[in-house]
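# Chain and residue survey
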Amino acid sequence: RNKFKYQQKYILYSGHDGYGYQADYSPQDEDAASDATEGHDEEDQMYEGEYQGIPHPDEMKAAQRAARAKDRSAGSAVSELEELAEQYEDIMEDCGHGRFQWTLFLVLGLALMADGVECFVVAFVLPSAEKDLCLSNAEKGMLGLVVFLSMMVGAFLWGGLADKVGRRRCLKVALGINCIFAFLSSFAQDYGFFLFFRLLSGIGIGGTVPIVYSYFSEFLQMDKRGEHLSWLCMFWMIGGIYASFTAWGIIPSYGWGLSMGTEFQFHSWRIFVLVAVLPAVASLIGLLFMPESPRFLLENAKHDEAWMILKRIHDTNWRAKGQPEKVFTVTHIKAPKTAEDEFIEIQSATGTPVQRWAVRSLTLCKLVLRNMASLLSAELRLATLFMAVIWFCIAFSYYGLSVWFPDMIKHLQYEEYEAKVKMFHRERVENFHFNFSLENQIHIDGEYIRDKYVLMMMKSVKFEDSLFEDCRFEDIRSTDTVFENCTIRSTVFYNTDLWQEKFIDCRMENATFEHNKHGCHLDTMRENDVLIYLVSFLGSLAVLPGNIISALFVEKVGRVKIIGNLGMLIFSQLISGLPRWIHAHFCRMFLFAVFELQATAFGLLNALCKLAAVLGSSIFASFVGVSKAIPILLSFSALVCGGLVALKLPDTRQKILH
């Protein structure tokens, strides 16, 4: 490494002030520079805006740097972190914004897309999975709850680790965990394993949001940060569109699947679970070709690696712009002294491998917890409280309505379905052969003598206070069908799914059950009504206008003016686009001064967001069929609260990422 360092003629150190550029080339370097710039004499070229008196962009950047340097000299002493932030901003301006950032944008966008997909997977497969896995109402509720709880744990865990272990490293591990366990969940044949695999999958994907925003922001210069983080948020919405569209196309296609006896069933909803993990797989592959954040490396005294990455960014961008002759002129970067890593290495230099691993892990946990505690320090306590209130209010409203609206539609459908029920009173049927479906019927005080029910489907059928005598039920499939307070006399049930629990307070007299259908089965006629996919698809599609608006106007209007404006907040909920963008920028509003806590704070706030999602989903769902006004008023009140608190935050458009 030392030999390579001298060949490159650059110096990286932490003991001097300043941020330097190469002023002189060695003879060999000078020749190389001359060859690279042959035919590009800058004195012969004229900036096209010079005639109009428009300053050249390089002149504007130089003026901005001079102003920052003047502020530093006029102001009080700055910390090492603040000085590094200003140096790093200058370097990123020299590297420019181009091919490298757009490639990283796509890779990280796929990771956010995977997070968006994860929020929909269980909701889409539940109508099929509840039949395929024989789920009770309590088990269905737990499966829906575990998604957000696991993502909450993942956000808290990975957000803290990313500030100490590295953004890229943690994101790779998190996505890897999500891919592995999401894949395994598609093959799980019982509820316990499916729940366990989805739990671990959620813990993995929970790390994407807190890491992605911190990771990407460290490759952006100040004037690009707000706009491009807003565009990045769009991928979360695209994830919802992708999940809705693929579920719509795959799950109702029952021919897609295979069966190996009664022990292994692989229906179409399991194929959807596999397809849903593709964005995470694509992002994980892309991350293999992306570097670690150079800002993180500088903070951890890995100067050589940081310099090489910065040079790669510079060369990639300028080569793509047709200016390969531009030379990366950074010669030295001041980085703060760090004793934490040295402390870990000193403690772990001796002992057995297990002891060394234990020391590293314990020390790492202490550092992560210390970061968490720093968010409650006197300097950040108020800002952290504001952020927590805003995130909670928006997530409570957004996820609450997201659950309430489709459930309300299904409830209205069910009411309409019930209104069309056919009632039969005191009917007497003898020696009749039923070989057609019965649907949405109630039979009261009926008598059925020597009847045959063969190869038929019973859907939402109820027999009450009825008599079945000398009847035969053969090859029957049923959904929401019950016999209540009936008398079943000398009747045979052969190859049916009419189990004992479907006979409520019934008297069985010489009834026989033979070759009953084992396990559960899918109802291909109702459980996967396309309405749930259509509503989710259109809801996700409606998100994009809000995201585009925020991206186009964030730097022109100002973040606080957009976020804090009450009308825009209400509009944001209606089109569902701004909440994700708000989440991304609220952290930037107070973390520009605390670099080491970026991912930690994102993780903590995103965990709070998932907690609000759990509470919002539960509270709003309780009003389904009870009231339409209360959920709307709750959502409105939460948005008003978040908007008013947002007005107290500073605007950070011209703030350097400290």
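Reading the values: rules and limits
Residues numbered from 1 in each chain as written. Predicted model: local features only at pLDDT ≥ 70, side-chain atom pairs only at ≥ 80, totals over all residues. Heavy atoms only, no water. Helix = DSSP H or I, 4+ residues; strand = E, 2+ residues; numbered from the N terminus. Buried < 20%, exposed > 50% of the residue type's maximum accessible area, 1.4 Å probe, protein only. Polar contact = N/O pair within 3.5 Å; in protein donor to acceptor, adjacent residues only side chain to side chain. 1 Å grid on protein atoms, 1.4 Å probe; cavity = no way out; pocket = protein on both sides within 12 Å on 5 of 7 lines; lining within 4 Å. Points joined across faces, edges and corners; volume = space filled by probe spheres on them. Nonpolar A, V, L, I, M, F, W, Y, C, P; charged D, E, K, R; others polar. Phe/Tyr/Trp six-rings, centres within 6.5 Å; stacked < 30°, edge-to-face > 60°. Lys NZ or Arg CZ within 6 Å of the ring centre and 35° of its normal. Axes fitted to C-alpha atoms, helices over the stretch in contact; angles between N-to-C directions. Parallel < 35°, antiparallel > 145°, perpendicular 65-115°, else oblique. Contact = heavy atoms within 4.5 Å. Pairing = 2+ DSSP bridges. Core = buried A, V, L, I, M, F, W, Y, C linked by side-chain atoms within 4.5 Å. Domains from an automatic or database assignment. Expected span 1.5 Å × (residues − 1).

This part takes up the environment of aspartate 163. By the element assignment, aspartate 163 lies in helix H6 (residues 137–165). On the accessibility criterion, aspartate 163 (6% relative accessible area) is buried. Sequence separation between aspartate 163 and threonine 600 is 437 residues, and the spatial gap between their C-alpha atoms is 6.4 Å. Reaching out from aspartate 163, the side chain makes a polar contact with the side chain of arginine 167 at a distance of 2.7 Å.

This next bit is on empty space enclosed by the protein. One pass over the full model with this rule turns up two cavities of 30 Å³ or more. For the largest cavity, the calculated volume is near 60 Å³. Taken together, Ala114, Val117, Glu118, Val121, Asn178, Ala182, Arg198, Val273, Ala276, Val277 and Ala280 make up the full set of residues lining the largest cavity. Listing elements by their share of the lining of the largest cavity, those giving two or more residues are helix H5 (99–132), helix H7 (167–185) and helix H11 (268–276). Here the lining of the largest cavity gets four residues from one element, more than from any other, and that element is H5. By residue class, the composition of the lining of the largest cavity is eight nonpolar, one polar and two charged.

Enumeration over the complete set of coordinates arrives at 34 aromatic pairs. On the basis of an interplanar angle of 0° and a centroid distance of 4.4 Å, the ring pair of tyrosine 453 and phenylalanine 473 is categorised as stacked. Taken together, the positions of tyrosine 453 in strand S10 (residues 452–464) and phenylalanine 473 in strand S12 (residues 472–479) put the pair 20 residues apart, joining distant regions of the chain. Both residues of the pair, tyrosine 453 and phenylalanine 473, count as buried. Look at phenylalanine 483 and phenylalanine 503: their rings are 4.8 Å apart centre to centre, the planes differ by 20°, and that puts the pair in the stacked class. Of this pair, phenylalanine 483 sits in strand S13 (residues 482–484) while phenylalanine 503 sits in strand S16 (residues 503–504), and the two are 20 residues apart along the sequence. Across the pair, exposure class does not vary: phenylalanine 483 and phenylalanine 503 are buried alike. Joined through ring pairs, the aromatic side chains of Phe432, Phe434, Phe436, Tyr448, Tyr453, Phe463, Phe468, Phe473, Phe483, Phe493, Phe503 and Phe513 make up one cluster. We note lysine 321 situated over the ring of tryptophan 318; from NZ or CZ to the ring centre the distance is 4.5 Å. Its guanidinium or amino end placed over the ring of tryptophan 499, lysine 502 lies 5.4 Å from that ring's centre, counting from NZ or CZ.

This next bit is on the packing of H5 against helix H14 (residues 303–320). One way to put it is that H5 packs onto H14 with a least axis distance of 7 Å and a crossing angle of 105°. By the angle class used here, H5 and H14 are roughly perpendicular. On H14, the residues that touch Arg99, Phe100 and Gln101 of H5 are Arg312, Ile313, Thr316, Asn317 and Ala320. Partitioning the contact of H5 with H14 into residue classes produces three nonpolar, three polar and two charged.

The pairing of strand S7 (residues 433–434) with S10 spans two bridges and is parallel. By the bridge assignment, phenylalanine 434 is partnered in S10 with tyrosine 453. Note: S10 against S12, seven bridges, orientation parallel. By the bridge assignment, tyrosine 453 is partnered in S12 with phenylalanine 473. The pairing of S10 with S13 spans three bridges and is classified as parallel. Across the sheet, residue lysine 462 finds its bridge partner in S13, namely valine 482.

Formed by 113 residues in total, the largest nonpolar core has its most connected members in Leu108, Phe124, Leu232 and Tyr399. The element that contributes the greatest number of residues to this core is H5, accounting for 17 residues. Each of domain 1 (99–290) and domain 2 (294–327) accounts for three or more of the residues forming this core. Sequence-distant contacts of leucine 232, defined by excluding residues within four places in its chain, comprise Phe105, Leu108, Gly109, Leu112, Val212, Tyr213 and Phe216. Grouped together as the second largest cluster of nonpolar side chains are 20 residues, Cys471, Phe483, Ile488 and Cys506 included.

Quick look at the sheet that holds strand S14 (residues 487–489) now. Read across the sheet, five strands follow the order S6-S9-S11-S14-S17 without closing on themselves; strand pairing throughout is parallel. Both outer strands of the open sheet, strand S6 (428–430) and strand S17 (507–509), are each paired with one neighbouring strand and no more. Going from strand to strand, the sheet's axes swing by 5° on average, the running direction of each strand aside. Of the pairings in the sheet, the one linking S14 to S17 comprises three bridges and is parallel in character. Within the sheet, the bridge partner assigned to isoleucine 488 lies in S17 and is methionine 508.

The terminal C-alpha atoms of helix H24 (residues 629–646), which comprises 18 residues, lie 26 Å apart, in line with the 26 Å expected from a rise of 1.5 Å per residue. Pro631, Ser635, Ala638, Leu639, Val640, Gly642, Gly643, Val645 and Ala646 are the residues of H24 that are buried.

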